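# Overview (structure and organization)
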Amino acid sequence: MVGEMMGLLRILVAALVAWGLSASAPARAYTLDLKPMTCAGEAGSMEEAFALTREQLSCAPDRFDVRGPFVRSSTQLKTPLDSGLAWQTNAANFRSMLVRFTYADGRSRLVDVDPQMTARNWFPGNRFSVPVPSSQADLVAIDAVVERPFTRSVAGAARLTSLADSERELYSRSLAYMFMFGLLILPLLYDGLFYRVLRQGFVLWHFLMVATTSLFMLFSSGLVNEILPDIPLDLRWRLTSLFQALSAGCGAMVIAGLIEKRFLPPRLTMAMMVSALLPLIVKFIATFGGELTRITINNWFVFSFAPVVILISIVVAVALSRGSRGARWALAAMSGLMLVVAWRTVVAFSGSSLPFPINDMVFAGFVLLSLVTAIAVGDRFTGLKHEHDEAQMRAIRMGQMANTDGLTGLANRRAFDMVRTLKTGQGLLVADIDHFKQVNDREGHQVGDAVLCNVAGLLKGHLPAMDGREDDGSPGCVYRLGGEEFAAIVEVMEDHQLIALADRLREIVGRSGGEEGTAGLPQVTISLGVVLGRGQMMHEAFGAADRALYRAKREGRNCVRIGDADDCNADARVSQGSTTFGRAGA
C-alpha cells in the first residue's frame, strides 16, 4: 500500500515541477518586470502624489518602504512599447488606485482602479490586470498612485505583458491551479474514510490542514473570483492570510501526530504548538492595528512563520535521531515548504527579487505538504491499526484466559455467571462426577486431574457447538464450575430431547476408563440435573438443575433428574442403567 502511494507521490511531484516551470515560463519569456525601472514616493493626497517631480521620488533600494496614505510609483520605460499591453500588479488590499499611462506624443490616459476591478480582471497568482489604453504613440511612462496599500508589493511588483500572452497564461495557469485544487480534494475524502475506521486526532488535524490549504489556494490564486465575483478585496486579502495561518497551525499539529509519542520531546513539542499560534496573533494585530501596522504587518506576518518552522525542524531532527518512522515522513513533507518560507522571509526583509513567482512556490509547498502528509497519515494509520488489532487480540486472549479453566480448558465459573438467561429452545445440564473424592484419595491428585480432563473432553466432544459458536453462553458450551462439577448449555426444544442427551453423556462417561479405557484411567460415573429453558433467569435455572442433581445423588447416582425452574417441587424423570423415565416421587 505504501509502495503504491510512493509511486503516486512521484507522479504528483513531477506534476508540481512541470506546473511550476509552465507557470514561471511565461513570466520569463513574455513579461517585463517594472521594478528595476520604478521609483517611489509618498504624499498626503492623490493630487500631491501626482505632483511629485522625478527628483522628489526615491530610486534607492528601500524606495518602496513608504508609509504615507498615498504612495506613488513612477516607471520610465527605457524602450518605448507598442499598445496591446496589460499592466499587472499584486492584488493585495488597498483603498483606491489611479494609473496614468503616458505616451511618446505627450498625451496621457488615466485609469481609475477600484478594488472590485481586481475581481473582474483577476490573474492567477494573486495579481490583477489593467489593460493599457490603446494609442498610436508608444508607451513611455506609467505612474500609479495607491491609497493606503497594505503591502509594498502593490507598488513594487508591477509588470507589463502583452494581452495575447496574458490570455494564454491566464488559461494555462488557471488550469494548473484547478488541477492542484482538485488534488487537494482527494486527501479530504481519504481522511474521512480513515477517521471512520480509526478515530485519531491527527487525522482530523490533517483534514483541517488540507481544508484550510485548499481555501488558501482558492483565495490566493484568484479562483475565488470565479465563485464569488463580488467578494470585497479587503475580505479576500484578510481571508487569504487567515487560511494560510490556520493551515500552518494545523500542519504543526499533524507533524506532532505523525511522530510516535515515545519519540516526541515534550517541551519542544509544546513550544512548537504554541509557536503555531504566532501567525494568528499577528493576523489579529493586522486586523485591528489600523494605520500603525498597515505596511509593516505583512512582513511581520511572513516572519511569524519562522518560529514554528524552526521548532518543527528541531522536533523532527530530534525524533529522527531517535529512530522515528513518522519523523522521516514529516521531513519529506515539510522540506519544500521550509525552504520556500525561509527564502520568502529573506526576500521580504532584503528587498531582493526572485526569477520565479515566490507565491506559486509557497502554494506548491503547501500542496506538497498536504499530499505527502496524506501518505504519511496512511502509513501511521496502518501502524496504529496494527497496534489496535494487536491490543484487541491481547484483550481477547486475556479475556479468554480470565474465563477459561486452567486445568481442563473449559469455560470457568466466571464465564458461566456472565450468562444471564436460559432462553427458550435451550437446556441446562449440571453434572457431577460420582465419588470423586475416593478417586483422589485412592489414586492421587494427579490421576484425579487426569480424570477431570478426560470427563471434560468427553462432555466437550459430545456436545457439538451450534453454528461454530464459541464459549459465550451459546448452545454447545461446556463449563467447569469448580471441583468435579460441570455445566453445559445445549439446544433442545422438549424435555425428552434434553433427558436423552443427558443420558447419552452419562453412558459415554460410564464406558470410559477402567481396564478397557484407552488412557488407563479409573472408571467413573456422573450424575446430572437438567432443566429446560423458558426464558428464565440463569440463576433460577441453575438452582432448579442443581436441586435435580442432588436428587440424583440421593437416589443412587449415575442417573439423570430433570427440574423445573418455575416449581421447586416439580417432578423429575429418572434414568438409571437402562433408560427409564418417570416423575420424582411417582
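Numbering of residues starts from 1 in each chain and follows the order in which that chain's sequence is written. Predicted model: local features are reported for residues with pLDDT of at least 70 only, side-chain atom pairs are reported and counted for 80 or more only, and whole-chain, interface and lining totals are derived from all residues. The side-chain values count all of the structure's non-hydrogen atoms but skip hydrogen atoms and water molecules.

### Observations concerning the sheet that holds strand S2 (residues 38–43)
Applicable threshold: Think of it this way: DSSP has to see at least two bridges between two strands before they count as a pair. Each helix corresponds to a stretch of at least 4 residues labelled H or I by DSSP, and each strand to a stretch of at least 2 residues labelled E; elements are numbered beginning at the N terminus. In this analysis, axes come from line fits to C-alpha atoms, helices being fitted only over the stretch in contact, and the angle between any two N-to-C directions falls in the range 0 to 180 degrees.
With antiparallel pairing, five strands are arranged side by side in an open sheet as S2-S3-S9-S5-S6. Only two strands of the sheet have a single partner each, and these edge strands are S2 and strand S6 (108–113). This sheet shows a mean twist of 15° between the axes of neighbouring strands, independent of strand direction. Sheet topology note: the strand S3 (residues 70–81)/strand S9 (residues 139–147) ladder contains eight bridges and is antiparallel. Opposite valine 71, over in S9, you have valine 146 as the bridge partner.

### A word on the sheet that holds strand S8 (residues 127–131)
Which entries qualify depends on this criterion: Contact definition: two residues touch when any of their heavy atoms are within 4.5 Å.
Read from one edge of the open sheet, five strands run S1-S10-S4-S8-S7, paired in antiparallel fashion. The open sheet is flanked by strand S1 (31–33) and strand S7 (122–123), the only strands paired with a single partner. Strands in contact with helix H5 (residues 163–197) are strand S4 (85–90), S7, S8 and strand S10 (159–162); relative to S10, the strand with the most contacts, it is inclined by about 95°.

### Digging into helix H6 (residues 201–221)
Note the following rule: How far a helix is expected to stretch is found by multiplying one less than its residue total by 1.5 Å.
Between its first and last C-alpha, H6 extends 30 Å over 21 residues, near the 30 Å set by a 1.5 Å rise per residue. Taken from the residues just after H6, glycine 222 is the one with a positive phi, measuring 100°.

### Overview of the pairing of strand S5 (residues 96–103)
Convention followed: Think of it in three bands: with a 1.4 Å probe and only protein chains considered, a residue is buried below 20% of the maximum accessible area for its type, exposed above 50%, and partly exposed in between.
Within S5, seven of the eight residues are buried, which leaves it mostly tucked inside the rest of the structure. Summarising the sheet, S5 and S6 pair through six bridges and their orientation is antiparallel. By the bridge assignment, phenylalanine 101 is partnered in S6 with arginine 109. Linkage of S5 to S6, two consecutive antiparallel strands, is achieved through a turn of four residues, within which glycine 106 is found at a positive phi near 90°.

### A short note on the confidence of the model for the protein chain
Convention followed: The predictor rates its confidence in each residue with pLDDT, a number between 0 and 100.
Here the protein chain averages 80 in pLDDT, while 83% of its residues score no lower than 70. Summarising per-element confidence for the protein chain, the mean pLDDT is lowest in strand S18 (residues 575–576) (42) and highest in strand S15 (residues 526–532) (95). Note on residues 466–471: pLDDT is under 50 here. Beyond four places in sequence and across chains, it has eight contacts. Residue range residues 567–586 is modelled with pLDDT below 50. Its contacts to residues more than four positions away, or to other chains, number 45 contacts.

### A few points about the packing of aromatic side chains
Spelled out, the test is: Ring pairs shown here join Phe, Tyr and Trp side chains whose ring centres sit within 6.5 Å, with only the six-membered ring taken for Trp; geometry is labelled stacked below 30 degrees between planes, edge-to-face above 60, and tilted in between. Placement of a charge over a ring requires the Lys NZ or Arg CZ to be within 6 Å of the ring centre, with the centre-to-atom vector within 35 degrees of the ring normal.
Across all of its chains, the model carries seven aromatic pairs by this definition. Taken together through their ring pairs, the aromatic side chains of Phe416, Tyr479 and Phe542 make up a single cluster. Seen from the ring of tryptophan 237, lysine 283 lies directly overhead, with NZ or CZ sitting 5.0 Å from the centre. Seen from the ring of phenylalanine 542, arginine 413 lies directly overhead, with NZ or CZ sitting 5.1 Å from the centre.

### Brief notes about the pattern of salt bridges
The condition that has to hold: Salt bridge, as applied in this entry: a Lys or Arg side-chain nitrogen positioned within 4 Å of an Asp or Glu carboxyl oxygen.
Under the definition given, this model contains 17 salt bridges. For the salt bridge of arginine 413 with aspartate 417, the shortest nitrogen-to-oxygen distance reads 3.1 Å. Of this pair, arginine 413 and aspartate 417 both sit in helix H15 (residues 413–417), four residues apart, which is roughly one turn of the helix. Taking relative accessible area as the criterion, arginine 413 reaches 33% and is therefore assigned partly exposed. With a closest N to O distance of 3.0 Å, aspartate 441 and lysine 437 form a salt bridge. Of this pair, aspartate 441 and lysine 437 both sit in helix H16 (residues 436–443), four residues apart, which is roughly one turn of the helix. Across the pair, lysine 437 and aspartate 441 agree in class, each one exposed.

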